[in-house]
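Here is what each chain is made of, one letter per residue.
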Amino acid sequence: MKITLDWLREHLDGDFAVKDVVATLNRIGHEVEGVENPAEKLAGFRVAKVLTAEKHPQADKLQVLTVDSGPEVNGGTPLTVVCGAPNARAGLIGVLGLPGAVVPANGMELKVAAVRGVESNGMMCSTRELELGDDHDGIIELTFDDSGDAPIGMAFADYAGLGDPVIDISITPNRQDCMGVRGLARDLAAAGLGTLKPLDVPTITGEGAPATEIRTDDPEGCPAFYGRTIGGITNGTAPEWMRRRLEAVGQRSISALVDISNYVMFDLGRPSHIYDRAKLNGALVARRAKDGETVTALNGKEYNLTDTMTVIADDSGVHDIAGIMGDEHSGCSETTTDVLIEIAYFTPERIALTGQALGLTSDARSRFERGVDPAFLDDATAIVTGHVLAICGGTPSAITRAGTPPVATHHIDYDPARAETLGGIAIDAERQRDILAALGFGIIEQGTHWQVAVPSWRRDMDGAPDVVEEVTRIHGFDAIPSTPLPRTDGVAKPTATADQLLERRLRRAAAAAGFHEAVTWSFVSERDAAPFGGGAWTLANPISEDLKVMRPSLLPGLLAAAQRNQHRGANSIRLFEIGRRYLADAEHPTLAVLMAGDKQARVWRAGKAASFDAFDAKAEALALLEAAGAPADRLQVMEPVTAGQIWHPGQSATLRLGPKAVLAEFGALHPALTRGFDVDGPVMAVQIFLDAIPAKRASGPARAPFTPSALQSVRRDFAFLAPATLAAADLVRAIRGADKASIVEARLFDRFAGQGVPAGQVSLAVEVELQPADKSFADAELKAIADKVVAAAAKLGAVLRG
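Keep in mind the model is a prediction, meaning the values are calculated, not measured.

1. Some words on the overall build of the chain
- Helix and strand counts for the chain stand at 20 helices and 41 strands.
- Taken over the C-alpha trace, the chain has a radius of gyration of 39 Å; the compact-globule value for 802 residues is 28 Å, which it surpasses by more than 25%.
- Taken along its principal axes, the extent of the C-alpha atoms in the chain is 125 × 90 × 65 Å.
- By residue count, 46% of the 802 residues in the chain fall in the buried class.
- Accessible area of the chain: about 39900 Å², with a carbon and sulfur share of 50%.
- One finds the centroid of the 79 positive side-chain charges in the chain at a distance of 11 Å from the centroid of its 104 negative side-chain charges.

2. Digging into the nonpolar core
- In terms of nonpolar packing, the biggest core is built from 103 residues, with Leu 8, Val 21, Phe 225, Val 388 and Tyr 414 touching the most fellow members.
- It is helix α7 (residues 256–268) that contributes the most residues to this core, eight residues altogether.
- Those residues in contact with Val 388, other than ones at most four positions away along the chain, are Ile 230, Ile 233, Leu 257, Ile 260, Ile 274, Ile 341 and Gly 393.
- In this structure, Ala 621, Ala 653, Leu 663 and Leu 690 belong to the second largest nonpolar core, which totals 28 residues.

3. Some points on the sheet that holds strand β10 (residues 123–124)
- In spatial order, the strands read β6-β5-β4-β7-β10; together these five strands make up an open sheet with antiparallel pairing. The open sheet terminates on both sides in strands that have one partner only, identified here as β6 (79–83) and β10.
- Here strand β7 (residues 93–97) pairs with β10 via two bridges, running antiparallel. Looking at β10, one finds that Leu 96 is bridged to Met 124.

4. Focus: a positive patch on the surface
- A cluster of basic side chains, namely Arg 504, Arg 505, Arg 508 and Lys 696, defines a positive patch on the protein surface.
- Take Lys 696: it is sitting in the loop between β37 (683–689) and β38 (714–723).
- Lys 696 sits in the exposed class, given a relative accessible area of 67%.

5. Observations concerning the packing of aromatic side chains
- The tally for this structure, following the rule as stated, stands at eight aromatic pairs.
- Considering the side-chain rings of Trp 7 and Tyr 263, the 4.9 Å spacing of their centres and the 0° angle between planes classify their relative orientation as stacked. Of this pair, Trp 7 sits in helix α1 (residues 5–9) while Tyr 263 sits in helix α7, and the two are 256 residues apart along the sequence. Summarising the burial analysis for this pair, Trp 7 and Tyr 263 share the class buried.
- Taken together, a centroid distance of 5.3 Å and an interplanar angle of 55° make the contact between Trp 537 and Tyr 582 tilted. With a gap of 45 residues between them, Trp 537 in the loop between α15 (526–529) and β30 (549–550) and Tyr 582 in strand β31 (residues 572–582) connect regions that are remote in the sequence.
- An aromatic cluster is built from Trp 7, Trp 241 and Tyr 263, whose rings are joined through pairwise contacts.
- Lying over the aromatic face of Phe 16, Arg 9 brings its terminal NZ or CZ to 4.6 Å of the ring centre.

6. Side note on the sheet that holds strand β3 (residues 31–36)
- The sheet built from three strands is open, its strands ordered β1-β11-β3 with antiparallel pairing. Each having just a single partner strand, β1 (2–4) and β3 make up the two edges of the open sheet. Strand-to-strand, the axes of this sheet are offset by a mean angle of 25°, without reference to chain direction.
- Alignment of β1 against strand β11 (residues 166–170), held across three bridges, turns out to be antiparallel. In the strand pairing of β11, Lys 2 is matched with Asp 168.

7. Observations regarding the UniProt feature "binding site: Mg(2+)" (unreviewed entry) in the chain
- In this numbering, the UniProt entry assigns the feature "binding site: Mg(2+)" (unreviewed entry) to Asp 460, Asp 466, Glu 469 and Glu 470.
- With respect to the helices and strands, Asp 460 occurs in the loop between β27 (449–454) and α13 (464–475).
- At 2.9 Å, the side chain of Asp 460 and the side chain of Arg 458 are in polar contact.
- Inspection of the secondary structure assignment puts Glu 470 in helix α13.
- The buried category is assigned to Glu 470, whose relative accessible area is 2%.
- Dropping the residues within four chain positions of it, Glu 470 is found in contact with Arg 175, Ile 435, Leu 439, Phe 441, Arg 458 and Met 461.
- A distance of 3.0 Å separates polar atoms of two side chains, one belonging to Glu 470 and the other to Arg 458.

8. Describing the side chain of Ser 253
- Locating Ser 253 in the fold gives a position in the loop between α6 (240–248) and α7.
- For Ser 253, the contacting residues outside a window of four places in its chain are Arg 243, Glu 247 and Asp 259.

9. Overview of helix α2 (residues 18–27)
- Regarding α2, the residues found buried are Val 21, Val 22, Thr 24 and Leu 25.
- At its buried positions, α2 is contacted by α1, β3, β11 and α5 (181–190).
- Positive backbone phi, at 100°, marks Gly 29, one or two positions downstream of α2.

10. Observations concerning the packing of α7 against helix α10 (residues 377–392)
- Orientation of α7 relative to α10, taken along the N-to-C sense of each, is 140°, at an axis distance of 10 Å. When you trace α7 past α10, the crossing you get is right-handed. Seen from α7, the contacting residues are Ala 256, Leu 257, Ile 260, Tyr 263, Val 264 and Leu 268; seen from α10, they are Ile 383, Val 384, His 387, Val 388, Ile 391 and Cys 392.
- Residue composition of the contact of α7 with α10, by class: 11 nonpolar, one polar and no charged.

11. With respect to the domain arrangement of the chain
- Under the domain assignment used here, the chain contains domain 1 (2–37 + 164–196), domain 2 (40–160), domain 3 (214–403), domain 4 (411–478), domain 5 (498–692) and domain 6 (714–800).
- The gap between the C-alpha centroids of domain 3 and domain 5 is 52 Å.

12. What about the UniProt feature "domain: B5" (unreviewed entry) in the chain?
- UniProt feature "domain: B5" (unreviewed entry): in the numbering of this structure it lies at residues 407–482.
- The span residues 407–482 is 34% helix and 21% strand, and its two end C-alpha atoms sit 41 Å from each other.

13. Regarding the pattern of salt bridges
- Per the stated rule, a full pass over the model turns up 43 salt bridges.
- Between Arg 458 and Glu 470 there is a salt bridge; the shortest N-O distance is 3.0 Å. In this pair, Arg 458 sits in the loop between β27 and α13 while Glu 470 sits in helix α13, placing the two residues 12 residues apart along the sequence.

14. Some remarks on the environment of Val 686
- Residue position: Val 686 is located in strand β37.
- Residue Val 686 is classed as buried on the basis of its relative accessible area of 0%.
- With 93 residues separating them along the chain, Val 686 and Val 593 place their C-alpha atoms 4.9 Å apart.
- The residues touching Val 686, leaving out its near neighbours within four places in the chain, are Leu 591, Ala 592, Val 593, Ala 617, Ala 621, Trp 647, Glu 665 and Phe 666.

15. Description of the pairing of β6
- Counting buried positions over the five residues of β6 gives four, a clear majority of the element.
- When strand β5 (residues 63–68) meets β6, the two strands line up antiparallel, connected through five bridges. Paired with Val 64 across the two strands is Val 82, which belongs to β6.

16. A short note on the environment of Cys 222
- In this fold, Cys 222 is placed in the loop between β13 (214–216) and β14 (224–231).
- Residue classification places Cys 222 among the buried residues on the basis of a relative accessible area of 0%.
- Sequence spacing of Cys 222 and Thr 404 is 182 residues, and the spatial spacing of their C-alpha atoms is 9.3 Å.
- What Cys 222 contacts, discounting residues up to four positions off in sequence, is Thr 216, Ala 286, Thr 310, Ala 344, Tyr 345 and Phe 346.

What counts and how
- Residues numbered from 1 in each chain as written.
- Predicted model: local features only at pLDDT ≥ 70, side-chain atom pairs only at ≥ 80, totals over all residues.
- Heavy atoms only, no water.
- Helix = DSSP H or I, 4+ residues; strand = E, 2+ residues; numbered from the N terminus.
- Rg over C-alpha atoms; globule rule 2.2 N^0.38 Å.
- Buried < 20%, exposed > 50% of the residue type's maximum accessible area, 1.4 Å probe, protein only.
- Areas by Shrake-Rupley, 256 points an atom, 1.4 Å probe, with all protein chains shown as cover.
- Lys, Arg positive; Asp, Glu negative; His and termini not counted.
- Charge placed at Lys NZ, Arg CZ, Asp CG, Glu CD.
- Core = buried A, V, L, I, M, F, W, Y, C linked by side-chain atoms within 4.5 Å.
- Contact = heavy atoms within 4.5 Å.
- Pairing = 2+ DSSP bridges.
- Patch = residues over 30% accessible without salt bridge, like charges linked within 9 Å, V, L, I, M, F, W, Y side chains within 5 Å.
- Salt bridge = Lys/Arg side-chain N within 4 Å of Asp/Glu carboxyl O.
- Phe/Tyr/Trp six-rings, centres within 6.5 Å; stacked < 30°, edge-to-face > 60°.
- Lys NZ or Arg CZ within 6 Å of the ring centre and 35° of its normal.
- Axes fitted to C-alpha atoms, helices over the stretch in contact; angles between N-to-C directions.
- UniProt positions renumbered as here; feature names shortened; annotations may be inferred.
- Polar contact = N/O pair within 3.5 Å; in protein donor to acceptor, adjacent residues only side chain to side chain.
- Left-handed = near helix turned anticlockwise from the far one by under 90°.
- Nonpolar A, V, L, I, M, F, W, Y, C, P; charged D, E, K, R; others polar.
- Domains from an automatic or database assignment.

Have a look at this one:
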C-alpha cells in the first residue's frame, strides 16, 4: 500500500513531516518498507527557456541552442546545448538537465561534452527520459498564460509538484480498514499525529429512477448491489492533482472516469466500477456464473468460469468477475456520455476462492477478500458520484439499493484491567477510552466492565484480546516494560529433549565433515513429489502450485538447491538438511545429505578432478549413524527400497538392523531423477531416518574400565573365492562372528575379478585381527581360529583360494 504525504494531509490535520509519519506507522504496527521522494531523482533538472536555435554546422538533424536556465546557473549566462529534438525552437520553455544530473530513464550522468565539435552543457529532456510518460517524439514543452512570468530556473520537481514523498507500507491481512489512505490517517490520529478531518460526503439528490435496472440474484456472493446512472457526462482527462497522486502510487492515468474509480479505492479503500451504459444490454445483475461461461478481462486474458463464482452480467453475458476485474468490453472511453456507477458488497470468502481458482489478482480483489466496510455503500456512492459530477458533469439518477449489506452491531465484553494482565502494561481507563474512541469504537460502561461497540470497518475484531491489542499498540508497544522471567535457585535443568540433542549432534557432525546446511521449503510441487511416492498431505490454500504438497522426502529441496548452485558456477556441492518428511502415517525426522560435482579439485598428479561415488555416500552414512549413536558395526547392507525410481540400481543400498529396520539409504540417485531436477553429473545422496535409530538405554550396568592387553595382536589375511552376488559386508560380518572371543576386527582390503578368477565369482581378501587374552596364541590355536573363519565363509558359498 502506497500513500503520499500530500494525500495523507487531505485526511489528517496537523504539523508533521514524513519522518514523523514513518516513525509513528512503525510504532503502531504498520511496517514501512520504504520512502521514495521523486524529487530526488529529478535533482539537477530545471525549467529553462530556449533563446535561440540554429542549425548545427556539422550535422543536419542537430541544433545548437542557447538556453536561459535562471540566474543561479552559470551566473545567469545562457548555456549552449546541442539538441536533436524536432520541436526545439526559440521561445520554447522546457526542462534542462544540467551537467551532473542523472537521467532517470537510463541512469546516464550528464556531462559537458563536445557533440560534433560543439560543446554541449546538458540536455533538453523528453517526458520519457524523466519517466513521466511515454512521449519521446520531442522535448517537453511547458505552457504558461500571460498572467505572470514563467519560473525560469525553478527546480522542475518543484514546478511539477513532484516533491511529494511516497511511503510504501506493508499492510497485514487483518487490517482491511487500512487499505486506504483514510484508514491509515485514522490510526495516525489515534496515535497523536494530527487530527482526523471529517469525511466530506456530498448530498446528491438524483432525478428519477436509474435508466438501467440493477439487482442481485446471488445474495450469498453479493448481498448488496447499489448503483445509479448519470447521463450527459464528458469523459476527458482527470484533474492534475488526481493524476499526480495516482501516478505516485503506481497507477497509470487512463481517463477521468477510470481515475475517479481508482482514486476512491486508494483514498477510502472502497473499490467501485463505472460502466458505459451504451454497452449494456438489459438489466445489470449480480449472479452466479454458469459452468462454461467465459470472460475476457481487462488484462486481455480469457477466463473459464464455474457456478461457484459471482459475476456481474447483463442480457448479453458476463461483464465483470465480481470484485476482482471487469471485462474489456463494457469499460468507459472518450466517447462515453452515459454511465452506471456500481458500488457493491461481495462476500470476502467468495472473492478469495474465485481469485485463487482463476489465478487472478487485482487491487480490488485485495480489498474485497479482506472485507470492505458494509456500512459504507451509500456514502461511497455519493462520493464517487460527486467526483464524476465535479469533473465530468452530467445529471444523476436516484440510487437503486438491491439487497441488504451485512451490517450487524457487534459488541465485545471488555475489562480495562486486561490491558495490564494480558498486554503487560497498566493503561489508565480514561486513556483507553480515548484511544478506542479515536479508532471509531463505541463504549458503554457497565460498572467495571465495558461493552465495546466494534465499528463496521473492523472485521478483524473478535474478542477482548483484540481490544487489548488495539489499546496497547496505539499507546505504544515500546512502553511495555521488560520483565525478566522468574528464575529458580540452583542450576537450571536441561530443557532440550533427546531428539533435539540428537539433531544437534548430527548437525555438528555434518558440518565438521565439510557439508553446508540447507534449509528448504517443507512443501514442494506435485511434480517434484511424484518420484518419491507423491505427496500424502496436500495444502488447502497453497502459496503457489509449486508449493502445493508437503514433502515426502528432503531430497527434492536439496536437488533444487544443488541446481541453483550449479547454475551459479559451483563445482563441488556438499549439502545437508535436518527436517521432516510428511508421509501418510505421520511426519518423520530425517537427515539428508547430497553430494554433486567434484570431490576434490584438479591436481597435477591426477590431471583431472575426482567425482563422488556411492562409497563416499556409504562412508558419510556410516559416520553420521555412528555420531547418532547407532550400532554402525552391526548394520547390514541390503538392497534399496526404491531402486530404479529414486536410486541408481547397483549403486545404492540401505543400512538396516535386521531385514525390516531401515536406518538409512544411500548411493547414487537415478539419472532420470537428476535430469528432471536439471542437476548435472552423478549425484550421491544419503537419507538417515532419525526416528528409526534405536534409543539408548536410560540406565544400565556401568561399562568396564578400559584395560588394554599387554600382548601384541596378530593379523592374518584370508583370500576367498565367492559368488559375485555375495555382498562383501556379509562375508566380513560372518568372519567377525566366527570367534568373538579372539577376533576383534575384520576388514575387506581387496576385491578382484578377472584373469585367474572363474566367471561368476570374485576374489575377496579380508584382514582378520586376533587379540590374545592372557597368553600368546599357540600355532594350534591360530589354526583352530583359521578353520572357524573358513567354515563361516563356506556357509556363504565362499571358499579359500588355493
